[in-house]
Amino acid sequence: MTLSPARVPAAVGERRLTATLYGYMFLDDFVLLYPVYALLFADTGLSLWQISSLFALWSVTGVVLEVPSGAWADAVSRRLLLWLGPLLTAVGFALWVLVPSYGAFALGFVLWGARGALGSGALEALVYDELDRLGAAGRYARVMGRARAAGLVGVMAAMAVAGPVFAWGGYLAVGAASVLACLLTAATATRFPEHRRPAEEGDNWAAALRSGLAAARGDRTLRAAVLLVPAVGAVWGALDEYTPLLVRETGVSDAFVPYLLLLIWTGATAGGLLAGPAERLGTRGLAALLTGGALALAAGALSGRPAGLVLVAVAFGGFQLATVLADARLQHRIEDTGRATLTSVAGLGSELATVAVYGAYAVLGGAASHGTVFAVLSVPYLVTALLLAARAGTRR
């Protein structure tokens with residue numbers, strides 16, 4: 001079988017895009033500071049209150065910059081933002097290990113939050129538009145599912161490597177490796193193809209923001225797709241910060257905790273890899289997926305046994321899959337104008353909902369076990385599933 005001349009360049013273009021994307025996502029999460037930065041803060045002498053305030057500053061930075069950065073991505077080159085962001089994080093990580101202090105940690109989190117905001121919306125918009133140009137927009141969910149899986153593999157690889165590197169060279173060594181990973185991420189981002197032309201001269205990010213928000217106000221289906229993203233991704237995205245505490249509560253030794261965390265993240269990785277075939281799921285299928293994930297999370301967390309974490313891994317896999325599918329639904333419903341802006345609006349909703357989950361966990365965790373809190377926070381997924389099922393029934 002001979003490929004036509006028109007399809008050969010398209011296939012080559014898609015391979016270049018996906019290879020760059022998977023490498024970018026892996027390197028972006030291959031940060032050896034991830035497993036030890038809380039220890040760095042404590043060893044520097046910070047109190048629990050000061051550490052918590054750093055996490056809050058990180059979240060607030062993302063909330064403030066999320067939507068403006070998305071509008072900026074619609075007004076300028078998205079590739080520019082994707083390589084600029086990791087450079088900001090590199091500066092922050094360098095400050096952490098060279099001049100460890102509360103001020104340096106705070107500035108580093110501001111830079112890290114800005115980096116997250118710059119990439120949120122810009123990445124999804126660039127990938128979707130490039131796939132659409134190649135006639136492959138229907139494969140967006142498959143591509144992004146694999147990309148998210150590549151990022152999770154980067155996290156697990158960093159967890160595996162951080163221990164030996166830390167034992168060899170301490171915080172300076174893991175910090176240097178993290179800065180190097182950021183620089184490699186920025187270099188990889190320059191390889192992204194981008195055929196979209198930035199906004200015409202005279203247009204700016206404010207105009208892009210107005211255009212994107214107007215599109216959401218005028219389209220009820222699009223507005224529902226924007227709201228679905230935080231409804232699906234925020235809760236489990238916040239719960240992952242507490243999984244070490246849930247694992248320890250099952251009675252295993254601290255030395256065994258990382259292995260069970262790898263089990264949970266293997267489940268999440270598998271969920272991302274299933275996004276392509278699962279894109280055939282309709283609204284009812286997505287509702288069933290969320291219901292199953294919620295029940296598995298509650299049952300696994302309440303079991304109080306290490307074996308129950310298998311169900312938690314299954315739940316995280318289902319939620320990762322649902323998150324990719326929700327993003328794909330949103331991208332398919334956005335016209336070319338304001339794609340990054342509307343994706344960032346959805347990201348803002350996720351940031352706000354995540355902060356709310358942190359607050360709820362702090363309140364509930366003061367009076368209940370971690371397993372009970374996990375089970376209680378599975379309820380929002382049941383509510384979302386009921387709303388989706390009702391919407392599907394109304395359409396029918």
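Computed from a prediction, not measured in an experiment: that's the story for all the values here.

(A) A look at the environment of Ser-344. Structurally, the position occupied by Ser-344 is in helix H15 (residues 339-365). Not counting residues up to four positions away in its chain, the partners in contact with Ser-344 are Glu-66, Val-67, Gly-70, Ser-120 and Gly-121.

(B) Local environment of the environment of Val-165. Looking at the element boundaries, Val-165 is found in helix H7 (residues 140-189). Remark: the alpha-carbon pair of Val-165 and Ala-177, spanning twelve residues in sequence, is separated by 8.8 Å. The residues touching Val-165, leaving out its near neighbours within four places in the chain, are Leu-32, Gly-170, Ala-173 and Val-174.

(C) Here's a closer look at the nonpolar core. Counting 81 residues, the largest nonpolar core has Leu-21 and Phe-192 as its most contacted members. At twelve residues, helix H14 (residues 309-333) tops the list of elements feeding residues into this core. Contacts of Phe-192, omitting those with residues within four sequence positions, involve Arg-16, Leu-17, Thr-20, Leu-21, Tyr-24, Arg-79, Leu-82, Leu-123 and Leu-126. The next biggest cluster of nonpolar side chains, apart from the first, holds 23 residues, and it includes Val-31, Phe-41, Leu-54 and Tyr-171.

(D) A look at the side chain of Ser-59. Take Ser-59: it is sitting in helix H3 (residues 48-75). Given the relative accessible area of 14%, Ser-59 is considered buried. In contact with Ser-59, not counting residues within four places along its chain, are Glu-351, Val-355 and Tyr-358.

(E) The pattern of salt bridges, seen in detail. Scanning the entire structure with this criterion turns up four salt bridges. Among the salt bridges present, the one from Arg-78 reaches Asp-129, with a minimum N-O distance of 2.6 Å. Placement of Arg-78 in helix H4 (residues 78-98) and of Asp-129 in helix H6 (residues 122-133) is noted, with a sequence separation of 51 residues between them. On the accessibility criterion, Arg-78 (1% relative accessible area) is buried. For Asp-129, a relative accessible area of 13% corresponds to the buried category. For the salt bridge of Glu-130 with Arg-133, the shortest nitrogen-to-oxygen distance reads 3.4 Å. Linking Glu-130 with Arg-133, this pair stays in helix H6, spanning three residues, or about one helical turn. The exposure class assigned to Glu-130 is buried, which follows from its relative accessible area of 3%.

(F) Examining helix H2 (residues 37-44) more closely. Those residues of H2 lying buried are Tyr-37, Leu-40 and Phe-41. Burial along H2 is one-sided: seen end-on, the buried residues are contained in an arc of 100°. Looking one or two residues beyond H2, the residue adopting positive phi is Gly-45, at roughly 105°.

(G) Representation of the packing of aromatic side chains in the model. By the definition in use, this model includes 27 aromatic pairs. Seen in terms of ring centroids, Trp-96 and Trp-112 are 6.0 Å apart; in terms of plane orientation they differ by 65°. Their pairing is edge-to-face. With a gap of 16 residues between them, Trp-96 in helix H4 and Trp-112 in helix H5 (residues 102-119) connect regions that are remote in the sequence. You'll find Trp-96 and Trp-112 in the same group, each marked buried. For the pair Trp-265 and Phe-316, a centre-to-centre distance of 6.0 Å together with 75° between the ring planes defines the contact as edge-to-face. In this pair, Trp-265 is assigned in helix H11 (residues 257-273) and Phe-316 in helix H14, connecting sequence segments 51 residues apart. For the pair Trp-265 and Phe-316, one class covers both residues: buried.

(H) Examining the packing of H4 against H5 more closely. At a minimum axis distance of 8 Å, the contact between H4 and H5 shows a crossing angle of 165°. Put simply, H4 runs roughly antiparallel to H5. Remark: the crossing between H4 and H5 carries left-handed chirality. Taking contact as the criterion, the partners of Leu-81, Leu-82, Leu-84, Gly-85, Pro-86, Leu-88, Thr-89, Val-91, Gly-92, Phe-93, Leu-95 and Trp-96 in H4 are, on H5, Ala-104, Phe-105, Leu-107, Gly-108, Phe-109, Leu-111, Trp-112, Ala-114, Arg-115, Leu-118 and Gly-119. Per-class residue counts for the contact of H4 with H5 are 17 nonpolar, five polar and one charged.

(I) Molecular detail of the side chain of Thr-343. Following the sequence through the fold, Thr-343 ends up in helix H15. In this structure Thr-343 comes out as buried when scored by relative accessible area, which is 6%. Sequence-distant contacts of Thr-343, that is, excluding residues within four places in its chain, are made with Gly-121, Glu-124, Leu-330, Gln-331 and Ile-334.

(J) Local environment of H11. Compared with an ideal rise of 1.5 Å per residue, which puts 17 residues at 24 Å, H11 spans 25 Å between its outermost C-alpha atoms and is within 8% of the ideal. Considering only its buried residues, H11 is in contact with H7, helix H9 (220-239), helix H10 (243-249), helix H12 (275-278) and H14.

(K) Layout of the packing of H9 against H15. In the contact formed by H9 and H15, the axes pass within 8 Å of each other and the chain directions differ by 40°. Here H9 and H15 pass one another in a crossing that is right-handed. Listed contacts from H15 to Leu-222, Val-226, Val-229, Pro-230, Ala-234, Val-235, Ala-238 and Leu-239 of H9 are Leu-342, Val-345, Ala-346, Gly-349, Ser-350, Ala-353, Thr-354, Val-357, Tyr-358 and Tyr-361. Partitioned by chemical class, the residues of the contact of H9 with H15 number 15 nonpolar, three polar and no charged.

(L) Examining a nonpolar patch on the surface more closely. Side chains of Val-60, Val-64 and Leu-65 sit close together on the surface and give an oily, nonpolar patch of about 240 Å² of accessible area. By the secondary structure assignment, Val-64 is in helix H3. For Val-64, a relative accessible area of 53% gives the class exposed.

Definitions and limits used
- Residues numbered from 1 in each chain as written.
- Predicted model: local features only at pLDDT ≥ 70, side-chain atom pairs only at ≥ 80, totals over all residues.
- Heavy atoms only, no water.
- Helix = DSSP H or I, 4+ residues; strand = E, 2+ residues; numbered from the N terminus.
- Contact = heavy atoms within 4.5 Å.
- Core = buried A, V, L, I, M, F, W, Y, C linked by side-chain atoms within 4.5 Å.
- Buried < 20%, exposed > 50% of the residue type's maximum accessible area, 1.4 Å probe, protein only.
- Salt bridge = Lys/Arg side-chain N within 4 Å of Asp/Glu carboxyl O.
- Arc of directions from axis to C-beta.
- Phe/Tyr/Trp six-rings, centres within 6.5 Å; stacked < 30°, edge-to-face > 60°.
- Axes fitted to C-alpha atoms, helices over the stretch in contact; angles between N-to-C directions.
- Parallel < 35°, antiparallel > 145°, perpendicular 65-115°, else oblique.
- Left-handed = near helix turned anticlockwise from the far one by under 90°.
- Nonpolar A, V, L, I, M, F, W, Y, C, P; charged D, E, K, R; others polar.
- Expected span 1.5 Å × (residues − 1).
- Patch = residues over 30% accessible without salt bridge, like charges linked within 9 Å, V, L, I, M, F, W, Y side chains within 5 Å.
- Areas by Shrake-Rupley, 256 points an atom, 1.4 Å probe, with all protein chains shown as cover.

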